[in-house]
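An overview of the molecular structure
Here is what each chain is made of, one letter per residue.
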Amino acid sequence: QVQLVESGGGLAQAGGSLRLSCATSGSISSINGMGWYRQAPGKQRELVAGITSAGTASYADFVKGRFTCSRDNAKNTLYLLMSSLKPEDTAVYYCLIATLAMNYWGKGILVTVSS
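In what follows, the accompanying structure is described.

Looking at the packing of aromatic side chains
Taken as a whole, this structure holds 2 aromatic pairs when the rule is applied. Here Tyr37 and Trp105 contribute two aromatic rings whose centre-to-centre distance is 5.2 Å and whose plane-to-plane angle is 65 degrees, an arrangement assigned as edge-to-face. Taken together, the residues Tyr37 in strand S4 (residues 31–39) and Trp105 in strand S10 (residues 103–105) connect sequence positions 68 residues apart. Looking at Tyr37, the relative accessible area reads 22%, which means it is partly exposed.

Observations regarding the state of the cysteines
Here the structure, examined in full by the defined rule, presents 1 disulfide. In this model, Cys22 is linked to Cys95 through a disulfide, with the two sulfur atoms separated by 2.1 Å. Its S-S torsion of approximately -85 degrees makes the covalent link between Cys22 and Cys95 left-handed. Of this pair, Cys22 sits in strand S3 (residues 18–25) while Cys95 sits in strand S9 (residues 91–99), placing them 73 residues apart in sequence. Cys95 matches Cys22 in its accessibility class, with the two residues each being buried. Cys69 takes part in no disulfide bond, and the closest cysteine sulfur, belonging to Cys95, lies 8.5 Å away.

Here we look at the side chain of Asp89
With respect to the helices and strands, Asp89 occurs in the loop between strand S8 (77–82) and S9. In this structure the side chain of Asp89 is engaged in a polar contact, spanning 2.8 Å, whose partner is the side chain of Arg66. Not counting residues up to four positions away in its chain, the partners in contact with Asp89 are Arg38, Arg66, Phe67, Ser84, Val111 and Val113.

Describing the environment of Phe62
Mapped onto the elements, Phe62 comes out in the loop between strand S6 (57–59) and strand S7 (67–72). Along the sequence, Phe62 and Val48 sit 14 residues apart, while their C-alpha atoms lie 8.2 Å from each other. Non-local contacts of Phe62, meaning those with residues more than four positions away in its chain, are made with Arg38, Glu46 and Leu47.

Rules of the game
- Residues numbered from 1 in each chain as written.
- Predicted model: local features only at pLDDT ≥ 70, side-chain atom pairs only at ≥ 80, totals over all residues.
- Heavy atoms only, no water.
- Phe/Tyr/Trp six-rings, centres within 6.5 Å; stacked < 30°, edge-to-face > 60°.
- Helix = DSSP H or I, 4+ residues; strand = E, 2+ residues; numbered from the N terminus.
- Buried < 20%, exposed > 50% of the residue type's maximum accessible area, 1.4 Å probe, protein only.
- Disulfide = S-S within 2.5 Å.
- Polar contact = N/O pair within 3.5 Å; in protein donor to acceptor, adjacent residues only side chain to side chain.
- Contact = heavy atoms within 4.5 Å.

Dropping the structure here:
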């Protein structure tokens, strides 16, 4: 069984930082990429950051320079370091692993940024 579990969310002040983790378990084959999405209330889910199987990261314009996506293969964990947080970053954040066959999603974790 494949399972993705996000952690590290919660409440942060504007200008502060949070580090999200996505721990994976189970056998996942033919990974094309991994990434983070977020969804604010009443809005569509949007891409935040992605990382290829080769380790190249990319970012949405609204987080570029503030967020860093990385992975630790030894721990089977994907990370999102969020710095210089803004109230607009408030959302549920989801971990994604994309394979040739299907996409695997975490259940999501809430990040709230106060002004």
